[in-house]
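Listed below, chain by chain, are the residues.
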Amino acid sequence: PEPKYSDAVIQLEQVDIYQKSVLILKDVNMTVRKGEFVYLVGRTGSGKTSLLKILSTSIDNYNGTILYNDIPLQNIDIEELRKDIGCVFYDQEIFYGTFRENISLGQEGISDEDLVNIIKEVGLEKLILSFPDGYNHIIMNANSILSGTDRVRLIMARALITQPKLVLVEDVFSGLKEENKMELLNLLFHRCKGKTLVMVSNDPSVKKECQTVIELN
């Protein structure tokens, strides 16, 4: 079987990160170990989001070396790697399509049971079943039917349904009501047991759950 790169040690060696050709982070050296929860902290504009997006392979605005299991990123089948990565990012789009399509993204191997289970876990079941066509209800305008919390729930469901080995999370929780925030954080930590989690946060309750703290400045 193919090696699962993201079920692995990730190393950054002398990585410089750019935003619109401006250097924002210089000479980043860090190691993320398999199964570790990493707390990523830094001031606004310190490059936290850029670093997450580079790890997710969605942008490549860097110089230096990134290794997954000692294999340089440029030598890896990116499509295979992405199958093992789940992302919870602010700017993820909820598109014109059904709930089912918005959560599964058409990926193979997702059963109805997987879909029902993750929807229950993230707390979207009541909303989805309030529509006569349920999971096949077409989301025409996300803002008109999804609250801010529901949006986070949906993006979390999308990230976690494939049981990825590496989960990358922006701080999408800080604007939520305390009870909703804790419910979703507890689900995230539970679902990520044995997986690798890299999470941007300034929240002491998140820091407490993480084995490693990386401060960007």
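Residues numbered from 1 in each chain as written. Predicted model: local features only at pLDDT ≥ 70, side-chain atom pairs only at ≥ 80, totals over all residues. Heavy atoms only, no water.

Trainee: Before we move on, can you summarise the packing of helix α7 (residues 148–160) against helix α8 (residues 178–191) with the specific residues and values?
Mentor: At their nearest, the axes of α7 and α8 sit 11 Å apart, and the two run at 5° to each other. It follows that α7 is roughly parallel to α8 by the angle criterion. Contact residues: T149, V152, R153, M156 and L160 in α7; N180, E183, L184, L187, L188 and R191 in α8. Among the residues forming the contact of α7 with α8, the class breakdown is six nonpolar, two polar and three charged. (Axes fitted to C-alpha atoms, helices over the stretch in contact; angles between N-to-C directions. Helix = DSSP H or I, 4+ residues; strand = E, 2+ residues; numbered from the N terminus. Parallel < 35°, antiparallel > 145°, perpendicular 65-115°, else oblique. Contact = heavy atoms within 4.5 Å. Nonpolar A, V, L, I, M, F, W, Y, C, P; charged D, E, K, R; others polar.)

Trainee: Which residues make up the sheet that holds strand β11 (residues 212–216), and what are the values?
Mentor: Read from one edge to the other, the open sheet built from five strands follows the order β6-β9-β10-β3-β11, with strand pairing classed as parallel. The open sheet has two edge strands with one neighbour each: β6 (85–88) and β11. Averaged over neighbouring strand pairs, the angle between their axes works out to 15° when direction is ignored. In this sheet, β11 lies alongside strand β3 (residues 37–42) in parallel orientation, the contact comprising five bridges. Note on β11: the bridge partner recorded for Y39 is V213. Against the sheet, helix α1 (residues 48–55) engages β3, β6, β9 (166–169), β10 (196–200) and β11, with an angle of about 145° to β3. (Pairing = 2+ DSSP bridges.)

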